[in-house]
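# Understanding the architecture of this molecule
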Amino acid sequence: MYPRLVVDRDKLYHNACLIKNLCSRHGIEVVAVTKGYCALKDITDVILSAGIEKLADSRILNIKRMRNECINNYIMLIRIPMLSEIADVVRYADSVLVSEMDTLRSISEECVRQGRWIEIIIMVDVGDLREGIMPEDVADFVKEASKLRRINIAGLATNVGCIGGTMPDKDNISRFIEAVYSAESILGRKLPTISGGSTCTLKLIDDGEMPERVNQLRIGEAILFGINDVCGRDIPGTYKDVFTLEAEVVEVKRKPSKPIGEVGFDAFGEVPHFEDRGIRKRAILALGKQDVIINGIKPRHAGMTIVGASSDHLILDVEDYEGTIGVGDVIPFDITYGGLLSVSTSPYVEKVIL
Ligand SMILES: *Cc1c(COP(=O)(O)O)cnc(C)c1O
């Protein structure tokens, strides 16, 4: 069945081993982030088989499913939780990122109710301006948090390179480490988990600027794609083509490249604009916006370009493609992290691991 997402097991395993070893040489444990592929069990199993032991996801629904699939590994919830999901957080997650005292109180109450403990990792914002406590407020927050019942403050975490696009650097990571020290002086003990960031924070290892105290990174993209998009860096020795999206051709014809007649709005309320390139050979694929974010894919073969897509059809210009192409052929695409996320959430795309 097409479209389908094909996962290369060996390449994924190789990437996972490489990232794990790269980090462990610097005293850093890898927490594998599963959100990019909706925690699909076959993929998670490959990553676990590479010796990575901890997992993280942004959705409690995915974590719950992993538990139902008998994944008993340590799992971290990496989106600061909603008050409405605290019961499940306490039930299914081993640790959770937190930045609000109200949330923490609710977690504490729920832990008492369920007779459980959960590890709390306090999120610190060092400049990306998504979630987290500002560094100067960490001491007060920790003081309050330490009074709560059944709350194990396991460490601090930070994140850059997301909403703000802030890159990890010496400055912001040392602000984070200062926050760690201020939390530790309030608690009177050393914190075991210092979670320094995501894939983009690998840059600090690269640059020789990773502080010694950082002992954990939460990594998705580097394992799955072998790249670090925020910094635009390649991670040497990794495969970039673990994933392939395949779609089937349902029409091939030579047609004008400029729509005929008066142009109004397209199916998505936008006014399309096409350059007149004369008569071109076009292939229609049974793939559309219901399957994948179109700007998250790129034809793997030279001589093919995406002309446009609707909910169910993708038009490829194949005039310059040197091979032959006909109805029933399967066309491979490279896919980005965002593209992977979208196919993972689409029930129309089959997922196979080879
Ligand atoms: C998504 C996410 C990660 C992983 O990011 P990658 O770029 O895939 O490595 C880590 N931490 C948090 C809080 C996240 O939301």
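That block above? That's the structure.
The numbers attached to residues start from 1 for each chain and follow its sequence in the written order. Two thresholds apply to this predicted model, a pLDDT of at least 70 for residue-level local features and 80 or more for giving and counting side-chain atom pairs, whereas whole-chain, interface and lining totals are computed over all residues. In computing side-chain properties, one takes all heavy atoms of the structure into account and sets aside hydrogens as well as water.

## Here we look at the site of the ligand
- In these notes, residues near a molecule or strand are those with any non-hydrogen atom within 4 Å of it. In the neighbourhood of the ligand, 13 residues make up the surrounding shell, with K35, T199, G220, E221 and Y337 lying closest.
- Here a polar contact is taken to be a pair of N or O atoms separated by no more than 3.5 Å, where protein atoms must pair a possible hydrogen donor with a possible acceptor and residues adjacent in sequence count only if both atoms sit in side chains. Contact between the ligand and T199: an oxygen atom at 2.6 Å from a side-chain N or O atom of the residue.
- At 2.9 Å from an oxygen atom of the ligand is found a main-chain nitrogen or oxygen belonging to G220.
- Here the open area of atoms and residues is found with the Shrake-Rupley method and a 1.4 Å probe, where only the protein chains shown may cover a residue. Within the complex, 92% of the 390 Å² of free accessible area of the ligand lies under protein.

## A word on the packing of helix α5 (residues 101-114) against helix α6 (residues 138-145)
- Helix axes are fitted only over the stretch in contact, all axes being lines through C-alpha atoms; the angle between N-to-C directions runs from 0 to 180 degrees. To qualify as a helix, a DSSP run of H or I must reach at least 4 residues; to qualify as a strand, a run of E must reach at least 2; elements of each kind are numbered from the N terminus. Two numbers describe how α5 lies on α6: the axes approach to 11 Å, and their chain directions differ by 20°. Here α6 runs roughly parallel to α5, going by the angle between their axes. In the packing of α5 onto α6, the handedness of the crossing is right-handed. Of α6, the residues touching α5 (which contributes M101, L104 and R105) are F141, E144 and A145.
- Any residue outside Ala, Val, Leu, Ile, Met, Phe, Trp, Tyr, Cys, Pro, Asp, Glu, Lys and Arg is labelled polar, Gly included; the first ten of those are nonpolar and the last four are charged. Its residues assigned to classes, the contact of α5 with α6 comprises four nonpolar, no polar and two charged. Each angle receives one of four descriptions, namely roughly parallel if under 35 degrees, roughly antiparallel if over 145, roughly perpendicular if within 65 to 115, and oblique otherwise. What makes a crossing left-handed is the near helix being turned counterclockwise from the far one by less than a right angle; a clockwise turn instead makes it right-handed. In what follows, a contact means two residues having at least one pair of non-hydrogen atoms within 4.5 Å.

## Brief notes about the packing of aromatic side chains
- Between the rings of Phe, Tyr and Trp (Trp by its six-membered ring), a pair exists once the centres lie within 6.5 Å; its type follows the angle of the planes, with under 30 degrees stacked, over 60 edge-to-face, and the other angles tilted. Under the criterion given, the structure shown has two aromatic pairs.
- A ring pair is formed by F225 and F243, whose centres lie 5.5 Å apart and whose planes are at 35°; its orientation type is tilted. In this pair, F225 sits in helix α9 (residues 221-225) while F243 sits in strand β12 (residues 243-256), placing the two residues 18 residues apart along the sequence.
- Using a 1.4 Å probe on the protein chains alone, a residue whose accessible area is under 20% of its type maximum counts as buried, one over 50% counts as exposed, and one in between counts as partly exposed. Look at F225 and you get buried, because its relative accessible area is 4%.
- On the basis of relative accessible area, F243 is assigned to the buried category, the value being 2%.

## Re helix α3 (residues 60-68)
- Those residues of α3 lying buried are I60, N62, I63, M66 and R67. All buried residues of α3 lie within an arc of 160° about the axis, which places them on one face of the element. Pointing more than 90 degrees away from the buried face of α3 are the exposed residues L61 and N68.
- Where α3 is buried, its residues meet β3 (54-57), β4 (74-77) and α4 (86-92). By definition, the arc is the one covered by directions from the helix axis to the C-beta atoms.

## What about helix α1 (residues 9-24)?
- Between the first and last C-alpha of α1 there are 22 Å, a value that for 16 residues agrees with the 22 Å anticipated at 1.5 Å per step.
- Looking at α1, one finds that the buried residues are L12, N15, A16, C17, I19, L22 and C23.
- Packed against the buried residues of α1 are β1 (4-7), β2 (29-33), α2 (41-49), α8 (202-206), β9 (216-219) and α9.
- Taking the backbone nitrogen of D10 as reference, a side-chain oxygen 3.1 Å away marks D8 as the first, capping residue of α1. Given a helix with a known number of residues, its expected span is that number minus one, times 1.5 Å.

## What to know about the pairing of strand β7 (residues 151-158)
- Counting buried residues in β7 gives seven out of eight residues, a clear majority hidden from the surface.
- Strands qualify as paired when DSSP identifies two bridges or more between them. Bridge count between strand β6 (residues 118-124) and β7: seven bridges; the pairing is parallel. When the sheet's bridge partners are listed, V124 is paired in β7 with T158.
- One crossover worth recording links β6 to the parallel β7 by way of α6, and it is right-handed.
- Look down the strands so they point away from you; if the path from the first strand over the helix to the second goes clockwise, the crossover is right-handed. Each parallel crossover has a hand, and for β7 linked through helix α7 (residues 170-187) to strand β8 (residues 193-195) it is right-handed.

## Topic: the nonpolar core
- Residues belong to a common nonpolar core when they are buried Ala, Val, Leu, Ile, Met, Phe, Trp, Tyr or Cys residues joined through side-chain atoms within 4.5 Å. Residues I107, L156, I223, F243, L285 and F333 are the most contacted members of the largest nonpolar core, which totals 97 residues.
- Counting contributing residues per domain, this core is built from domain 1 (8-234) and domain 2 (243-353), each supplying no fewer than three.
- Beyond its immediate chain neighbours, meaning those up to four positions away, F243 contacts L5, V6, V7, I43, L224, F225, R300, F333, I335 and L340.
- Core analysis: the next-biggest nonpolar cluster, separate from the first, contains eleven residues, V31, V33, I78 and A154 among them. Domain start and stop points were drawn from an automatic or database domain assignment.

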